[in-house]
Amino acid sequence: MELYNTKYLTINLHENFIELIWKDATRHASSNDFKVWNKAITDEVEKHKPRYMYSDCLFYYYAISPDLQTWSVENVFNRFEKAGLKRLAMLMSTAIISQLSLEQFVEEANTSLITRYFNNESLAKEWLLK
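What you are looking at is a predicted structure, and each value in this text was computed from that prediction instead of being measured.

K.L.:
Help me out: how do you make sense of the sheet that holds strand E5 (residues 87–91) in this one?
P.N.:
Whenever strands of a sheet pair, they do so through backbone hydrogen bonds, lying parallel or antiparallel. Ordered by their spatial adjacency, six strands build an open sheet running E1-E2-E3-E4-E5-E6, and the pairing between neighbours is mixed. Two strands close off the open sheet at either side, each with one partner strand: strand E1 (2–5) and strand E6 (114–118). In this sheet, neighbouring strand axes are inclined to one another by 15° on average, regardless of whether the strands run parallel or antiparallel. Strand direction decides the pairing type here: strand E3 (residues 18–22) and strand E4 (residues 52–56), joined by four bridges, are parallel.

Printed below as a string of structure tokens:
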């Protein structure tokens, strides 16, 4: 079921997980756009309380600044933990800048959320749901 859809991101709810599908327009996003879409994600996680999240980052191109990483710890990852999110599988972009930015973004959060990075959707979803 589709929960949210903008030019940057679609959020879908499945029986066992919430799914984020990032779009090419992220390359033109602002820091405010980043905060808006992260608020939407956390709101949906808090509302539906999934244990698992799948993030298709193949077309995610936004470089996350250190200030936004810090903002995200409190406003995204802490809320994920409180809502009961346990696992995050990320299908990664081949764009090195985006890939490093996302990995640093998750690492900076330093939460109990178990995160794995994949280059294959089937393997990502298999790991997520095992």
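Moving on, there is more to tell.
K.L.:
In this structure, what is going on with the nonpolar core? I would like to understand it.
P.N.:
Nonpolar side chains tend to gather and get buried jointly when the protein is soluble and globular. Formed by 30 residues in total, the largest nonpolar core has its most connected members in Leu 9, Trp 37, Ile 41, Met 53 and Phe 80. Secondary-structure elements contributing two or more residues to this core are strand E2 (9–13), E3, helix H1 (31–48), helix H2 (66–83) and E5. With residues up to four places along the chain from it excluded, the contact list for Leu 9 reads Tyr 4, Leu 20, Ile 21, Trp 22, Lys 23, Trp 37 and Ile 41.

K.L.:
Just to check I follow, could you spell out the pairing of E2 for this structure?
P.N.:
The buried count for E2 comes to five of five residues, which makes it a mostly enclosed element. Residues Leu 9, Ile 11 and Leu 13 point to one face of E2 and Thr 10 and Asn 12 to the other, with burial holding for every one of them. Across three bridges, E1 lies against E2 in antiparallel orientation. Following the sheet pairing, Asn 5 is matched in E2 by Thr 10. Between the end of E1 and the start of E2, which pair antiparallel, lie three residues. When E2 meets E3, the two strands line up antiparallel, connected through five bridges. Pairing of Thr 10 across the sheet is with Ile 21, part of E3. With antiparallel pairing between neighbouring strands as the criterion, E2 and E3 make up a hairpin whose turn holds four residues.

K.L.:
Mind showing me how you'd approach the packing of H1 against H2 here?
P.N.:
Angle between the axes and distance between the axes: these two values describe a pair of packed helices. Where H1 meets H2, the closest approach of the two axes is 9 Å, and the angle between their N-to-C directions is 10°. On the basis of the axis angle, H1 is roughly parallel to H2. Counted together, Ser 31, Phe 34, Lys 35, Asn 38, Ile 41, Thr 42, Asp 43, Val 45 and Glu 46 of H1 and Leu 68, Trp 71, Ser 72, Asn 75, Val 76, Arg 79, Phe 80 and Ala 83 of H2 form the full contact between these two elements. For the contact of H1 with H2, the residue count by class is eight nonpolar, five polar and four charged.

Cut-offs applied
Residues numbered from 1 in each chain as written. Predicted model: local features only at pLDDT ≥ 70, side-chain atom pairs only at ≥ 80, totals over all residues. Heavy atoms only, no water. Pairing = 2+ DSSP bridges. Helix = DSSP H or I, 4+ residues; strand = E, 2+ residues; numbered from the N terminus. Axes fitted to C-alpha atoms, helices over the stretch in contact; angles between N-to-C directions. Core = buried A, V, L, I, M, F, W, Y, C linked by side-chain atoms within 4.5 Å. Buried < 20%, exposed > 50% of the residue type's maximum accessible area, 1.4 Å probe, protein only. Contact = heavy atoms within 4.5 Å. Parallel < 35°, antiparallel > 145°, perpendicular 65-115°, else oblique. Nonpolar A, V, L, I, M, F, W, Y, C, P; charged D, E, K, R; others polar.

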